[in-house]
4 protein chains.
Amino acid sequence: MSETEHEAAAGGTAGAGPTDGLRAGRRRLGVGMVGYAFMGAAHSQGWRTVGHVFDLPLGARLAAVCGRDGAAVRAAADRLGWAAAETDWRALIARDDVDVVDICTPGDSHAEIAIAALDAGKHVLCEKPLANTVEEAEAMAAAAERAAARGQVAMVGFNYRRVPALALARRMVAEGRLGTLRHVRLTYLQDWLVDPAFPLTWRLRKDRAGSGALGDLGAHIVDLAQFLTGEAVAGVSALTETFVRERPLPEASSTGITAAGTGADPGADPGADPGAGARADGRSGARSGQVTVDDAAVFTARFPSGALATFEATRFATGRKNALRLELNGSAGSLAFDLERLNELSFHDHTEPAASAGFRRILVTEPGHPYLEAWWPPGHGLGYEHTFVHQARDLLHAIASGTAPAPSFADGLSVQRVLAAVEESAEKNAVYTPVSGPTPTPAPVDASVNLA
Amino acid sequence: MSETEHEAAAGGTAGAGPTDGLRAGRRRLGVGMVGYAFMGAAHSQGWRTVGHVFDLPLGARLAAVCGRDGAAVRAAADRLGWAAAETDWRALIARDDVDVVDICTPGDSHAEIAIAALDAGKHVLCEKPLANTVEEAEAMAAAAERAAARGQVAMVGFNYRRVPALALARRMVAEGRLGTLRHVRLTYLQDWLVDPAFPLTWRLRKDRAGSGALGDLGAHIVDLAQFLTGEAVAGVSALTETFVRERPLPEASSTGITAAGTGADPGADPGADPGAGARADGRSGARSGQVTVDDAAVFTARFPSGALATFEATRFATGRKNALRLELNGSAGSLAFDLERLNELSFHDHTEPAASAGFRRILVTEPGHPYLEAWWPPGHGLGYEHTFVHQARDLLHAIASGTAPAPSFADGLSVQRVLAAVEESAEKNAVYTPVSGPTPTPAPVDASVNLA
Amino acid sequence: MSETEHEAAAGGTAGAGPTDGLRAGRRRLGVGMVGYAFMGAAHSQGWRTVGHVFDLPLGARLAAVCGRDGAAVRAAADRLGWAAAETDWRALIARDDVDVVDICTPGDSHAEIAIAALDAGKHVLCEKPLANTVEEAEAMAAAAERAAARGQVAMVGFNYRRVPALALARRMVAEGRLGTLRHVRLTYLQDWLVDPAFPLTWRLRKDRAGSGALGDLGAHIVDLAQFLTGEAVAGVSALTETFVRERPLPEASSTGITAAGTGADPGADPGADPGAGARADGRSGARSGQVTVDDAAVFTARFPSGALATFEATRFATGRKNALRLELNGSAGSLAFDLERLNELSFHDHTEPAASAGFRRILVTEPGHPYLEAWWPPGHGLGYEHTFVHQARDLLHAIASGTAPAPSFADGLSVQRVLAAVEESAEKNAVYTPVSGPTPTPAPVDASVNLA
Amino acid sequence: MSETEHEAAAGGTAGAGPTDGLRAGRRRLGVGMVGYAFMGAAHSQGWRTVGHVFDLPLGARLAAVCGRDGAAVRAAADRLGWAAAETDWRALIARDDVDVVDICTPGDSHAEIAIAALDAGKHVLCEKPLANTVEEAEAMAAAAERAAARGQVAMVGFNYRRVPALALARRMVAEGRLGTLRHVRLTYLQDWLVDPAFPLTWRLRKDRAGSGALGDLGAHIVDLAQFLTGEAVAGVSALTETFVRERPLPEASSTGITAAGTGADPGADPGADPGAGARADGRSGARSGQVTVDDAAVFTARFPSGALATFEATRFATGRKNALRLELNGSAGSLAFDLERLNELSFHDHTEPAASAGFRRILVTEPGHPYLEAWWPPGHGLGYEHTFVHQARDLLHAIASGTAPAPSFADGLSVQRVLAAVEESAEKNAVYTPVSGPTPTPAPVDASVNLA
């Protein structure tokens, strides 16, 4: 009746405990997260889980979380599993036990925090879109490049690259299963703004969010289009629209994801605001305000290879909750995907005899699929949050191996340039607008795949 | 043991026979069809069947079919059930037993035949797109207007309005089930040109077909967008592309739908050519020629109500055979449809409580659905060709009632103007291009629905 | 400007006209149909259309239709396209211009009519189920065997074998694509009896219909199971249930498919009754009566190869209109099908690498698919009624070639024996009940496929 | 620049740390888990996560995990996050810091461990099936009843009740949305035994697993049928089959889920064996052995209300990875579900007008759906493992409130009796076999729902 107590043996790492799944003898990095609302909760789940599922070269310790409101951030630290709480992001960066700074704030603070963190020698993971302007993104990419020379890693949180089905899609494209690409079409459809009574949260204010559906949803599908094809968008022609131009201001007491408890806003993230906090969203006294971002953006595009693309991002597609849908058509095959069924990838192999060809539904839960060997048996699907576990895993691998992670800040900048071209085209009567700046080096195909 | 022979009683209508399903005492119109390939075969099935299924105010007699090659058109008449054959469309129009001229030729002959038929006092059904140019379409619409004053009817063959699911969709939009429209998205995806060895049939020559995927497929989705929304497209921003710019010329002996027997071309229709015939497609001696039409067109659009739209028409979407897919999102609900599953309509009712809301798959086979009462019990679906039976039915009702049929030539002209704006925008670097001309009166909502 | 009138040349076949699509010089068989309601209408559409679509060795002429009520049958003849009407099926059989007798009556008259027709030297097509009892079916099979020796053909109307997707499924099984069969599961779900106010039509009376969901729906799925696997069911274990045991009697004036105009009964077929007519369904004075058939039957089964099967037939599956769904699982692959999406077949190829395997949706509209070359381009789907066109085509081919058609009366008998075993098992507390009688020779795989 | 360190404040609970999400002042229960393979890993993820997502009345501390092999269990403790490791389950039960014993071993050890734990005053969570025999299950239920009198809780791990879509389904049934139930059909299809070279793991040995597909998969669908309908199965008629009767013995070194590294066995769980360990699975020297359990079971059933049911459980359905599919048809509506798309529930409301009725796909990700308020915004789906988080949550609520949890051991016994009746029927030639024993009280509808 032998008892084997591990507390003792592992006591040297108190706080993180002996129970984070890391193999003995491996080093743990301290993570410091800024912002703790929707994205912060998702990232926390990723950091908490990664070591228990994947065999990692480096561990992660949830060292500290940062938010403006002391009581709120302490409660968040308790709830989300962070060992400490900070109310100033500069203090967070300054902590010795923070090796990685994870930025989950609205876009207007990304550049300042990320550059400061990189300059302070920290690795950085930054939520998407990388920034609110191309200029900010350029400065961030430059900072990342300087930091890379010092062995630091900077990654942008386009987490959907870590959906196993999309990592598989990238692998299949890279293997040539689609042949010459002809068509790319992506939509990202949500419906949480349909009600005109939905309040004017920070996501509807250009000064905070940069743009509306374009930056929030469009950024994802632009990144995925570039990730999956291995090409950078060459130019775009765009229309945007704000269907509901005035909305009630949030209550002064509004403090969370749910915008006055309706639960409908998938991203109001006032707690994520490191400088102003939730109160910035409540302007008591005022009754309504102007929506200063787009509700929807539709655009066509060309890829260097000649492929034609269509993109649509909206928060007004009634009944579509998270419909990131995409299809690629090539001369040898096609792929299709819908985020609302994220464990599935549809593949049509055009080299099959016509009589037995058709789109097959690959249930992406096999051990041979990206990331899946570490999880459950075939057919036991994953969910949205697992993308953050995979993101944490890939970042830790990148840091351990000294490999530049994908998507890099350069990739984030590339997306930002496309978004800027979309806005420019929309202002110029939809005229075709080339994407400015140097074509980024395509992300290495297998950064997120082969490791898995 | 009474025997009731009907031949005797019905002997007076020899040729059409007593067996076309028309109720006793009702008049039969003679139909004369020009062209007899893919569209001709489909129209023939419509004319042959309509009287056996629907209770009609007027009957239809398949009087004569016309094509340039005498032997071929006689064989077609036999095969398709036409009482006579003609080799000159002017002779067809001149026949006393022809009351309705049904034009199934390539677009370059539509205007001449249709205007001549209308001026000769005949009713006209003309395949889509109405014409190859706006000018032709304007002349046709003017001729139709003159003829309408004389009680003649002119209709354009946008047969998909007669898919029961789409007629139901129109009814639901008209009933206000979608609320304020926000988004319209339509694709029409096929893949029969993916193989660069596919020959240069008439559909790939601008002089014959007017345009490529745009006029063939894009015309359908533009018409449907206008039909379903009840609005005319206000303006467009477009990109077009010809992926394979040179193709082998067809064999001199190539004579049909299948382009050298591959069965893959869903529309090569040389027999439909009233002036030149199949031989025009075969230029012996030459090896290859220039493709002078678009392979694909993508465009965004605005509707007067403020809704944003995306359109995509292509013959290069590998694995998509006839994927006319559409979705409408309004403030109160959404509708979705896929022609590859034409007995189904998806509807999301946004007025439902969120906990039980979702896109429902309406199996459009109930007696209360448009056109369905005349057909089979619930769940026993229809196919593609039934749209032509319904088209014949609606045309006969329009003639009998003296009601202007929908889609009218004015509707066809409206589509033509959108296609012209698409081409103009594509030439002008995708700049947003308003659709010229007067806004057509919206098609009466129920022309094709309430009658059914 | 040559005009080619065909009436003259073809004048010798007045009535049927020159326009039935048959190639010159080929013989036409006269068809005489008994019953003209739902099945009669569907068969008529098959006979009217077959010659215009397929290149046939023999033509078909709609010679005469038979029903008890003279006025009603004459109206039906007009509507459905039959040249003559009869009120006595013996007179129909006696007609010189009737070569094929097509029996579309309720099951209680099948044996008498079919045997008489065969003995009179006619070919016979008989609706399913072949009979109401095994004894009747045995007598019919014996008559068919005698007639076969004289060159006559007898076929049972299991029309779903002629759904192209199911003919393709059979071909794939025969090619070994599934390997060793392990599981067979079929359901046939409808919902038109859910309302207890639905009247007691002939389909709910054992004396007329033989059984309820079992014979109507179960017969189809038993036949398909045997057709697709190439094996005869070895034994069954069954439960049956009548959920609503008493129903209102139909109105005396009730005369059709729709049971008092509701349109909901997909099979009330009083006009199909050659001896009693519609009036048999209306017992004025009475208010309600006993339902004497099953509403639903569920059974498990074994196949000789060791495969396990489940079957379910019901008219109480709310929301399922015509859900004939099946799946076969073998060691090398699986097939799945749903009649509500009849242009699709799902196929999983288990020999594919696991990482790219999955059920593929084959859109069964390619020229290489059974029956499809004669129809429309890829993606332009067929409907329910086309199974009757195909059935007519295959019967004409069988007659022309002297080949025994499938499904033969022996196949129909085999199904009848399974149904009888189901009823016996249900009466004996579900005990496993072997199917009696000699194992029929498997239907030749390609009877309905290779010809196509 | 205030820093708020929480380590200090929370120092008293070192080991579990301050970071398990529990609100200050709430008590933490220690959990001791027996077995640590597939189920153990899933349960661990549930225990680790629950406090960070849900607001709990009681916390959970991963106190100790138990397995026979000391090195292996220590490694598992590290990987899965358990504070201590034990090699004897009796020692685990005896630990003062263990309040809840979580049993994740094969079925042959459930009764002994569970009864000992209950008798020792611990709460118990036991994996399904509850036991290998009815006798064991009865003893366990009796022990649970005795323990309940002392305020202890015993729950069986039918985790699929905690799929939000299925909890929603139960709520809708209880609300009467289906009306009178007519049909219940469930399948649980997997394919990991198709390959005859797959080794003879413990799951294929009757002495360890009790039965094969029946107990592993069939138990789930029997429980769900009873849970969803609120009725106990009245009787069954069953066929079972072992398709591959002899298999190679596992390698002596085989030690895990993946059976020689193929990753295909979703449940080989040798580490879960508290008495024998992994070595029991490897009989070196022998080459192959007899499979002593069923590969598949099909059965029909009756419910007390008169509904008919079909069940199918198999590990030989090629291409089906985890296809737990179910449909309920009632007089007022129907529900359908597929575990491979676990975020969706299909609902047909038969009270809708027929013209707009149809199965709607409810994306079960709304805040008003069971368990969902605590998770992500609408459309951001969950995965398989979340059922274990919900299970942990519901168990902690039950303990905190002193409410009997569902599914109770009595529910587990009820399932066991159905499984026994299935086996008895299969042995008795499929004769209908009533389920013995008292009808259990239906699980309170909302035990797992209203709390959520």
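Structure: see above.
Model, not experiment: these values are computed from the prediction.

## Thoughts on the side chain of Lys128(D)
Residues and elements named next belong to chain D.
Right, so step 1: Mapped onto the secondary structure, lysine 128 falls in the loop between β6 (123-126) and α6 (134-149).
Right, so step 2: A polar contact is formed between the side chain of lysine 128 and the backbone oxygen of aspartate 216, at a distance of 2.6 Å.
Right, so step 3: If we ignore the near neighbours within four places in the chain, the residues touching lysine 128 are His110, Val156, Gly157, Phe158, Gly215, Asp216, Ala219 and His220.

## Considerations on the interface of chain D and chain B
Right, so step 1: Across the contact, 14 residues belong to chain D and 15 residues belong to chain B.
Right, so step 2: Between chain D and chain B the total buried area reaches about 1200 Å² when both faces are included, carbon and sulfur atoms providing 45% of it.
Right, so step 3: Counting the surface chain D buries against chain B, the share from its top three residues, Ala355(D), Ser356(D) and Arg360(D), is 41%.
Right, so step 4: There are two salt bridges connecting chain D and chain B.
Right, so step 5: Among the ionic pairs, Glu352(D) bridges to Arg360(B), the shortest N-O distance being 3.0 Å.
Right, so step 6: Taken together, chain D and chain B are joined by eight residue pairs in polar contact (both at pLDDT 80 or more).
Right, so step 7: Listed by contribution, the elements that provide at least two residues to the side of chain D that touches chain B are α7 (164-174) and β17 (359-363) of chain D.
Right, so step 8: Of the residues belonging to the side of chain D that touches chain B, the class tally is six nonpolar, three polar and five charged.

## Points about the packing of helix α5 (residues 110-119) of chain D against α6(D)
All names here are of chain D.
Right, so step 1: Between α5 and α6, the shortest axis-to-axis distance is 9 Å and the interhelical angle comes to 10 degrees. In terms of orientation, α5 and α6 fall into the roughly parallel class. Read as a crossing pair, α5 and α6 show a hand that is left-handed. On the side of α5, the interface is formed by His110, Ala111, Ala114, Ile115, Leu118 and Asp119, while α6 contributes Glu136, Ala139, Met140, Ala143, Ala144, Arg146 and Ala147.
Right, so step 2: Classifying every residue of the contact of α5 with α6 gives nine nonpolar, one polar and three charged.

Reading the values: rules and limits
Residues numbered from 1 in each chain as written. Chains lettered and ligands numbered in written order. Predicted model: local features only at pLDDT ≥ 70, side-chain atom pairs only at ≥ 80, totals over all residues. Heavy atoms only, no water. Helix = DSSP H or I, 4+ residues; strand = E, 2+ residues; numbered from the N terminus. Polar contact = N/O pair within 3.5 Å; in protein donor to acceptor, adjacent residues only side chain to side chain. Contact = heavy atoms within 4.5 Å. Buried area = accessible area lost by both parts, 1.4 Å probe. Salt bridge = Lys/Arg side-chain N within 4 Å of Asp/Glu carboxyl O. Nonpolar A, V, L, I, M, F, W, Y, C, P; charged D, E, K, R; others polar. Axes fitted to C-alpha atoms, helices over the stretch in contact; angles between N-to-C directions. Parallel < 35°, antiparallel > 145°, perpendicular 65-115°, else oblique. Left-handed = near helix turned anticlockwise from the far one by under 90°.

Any functional reading would require information beyond the geometric quantities listed.
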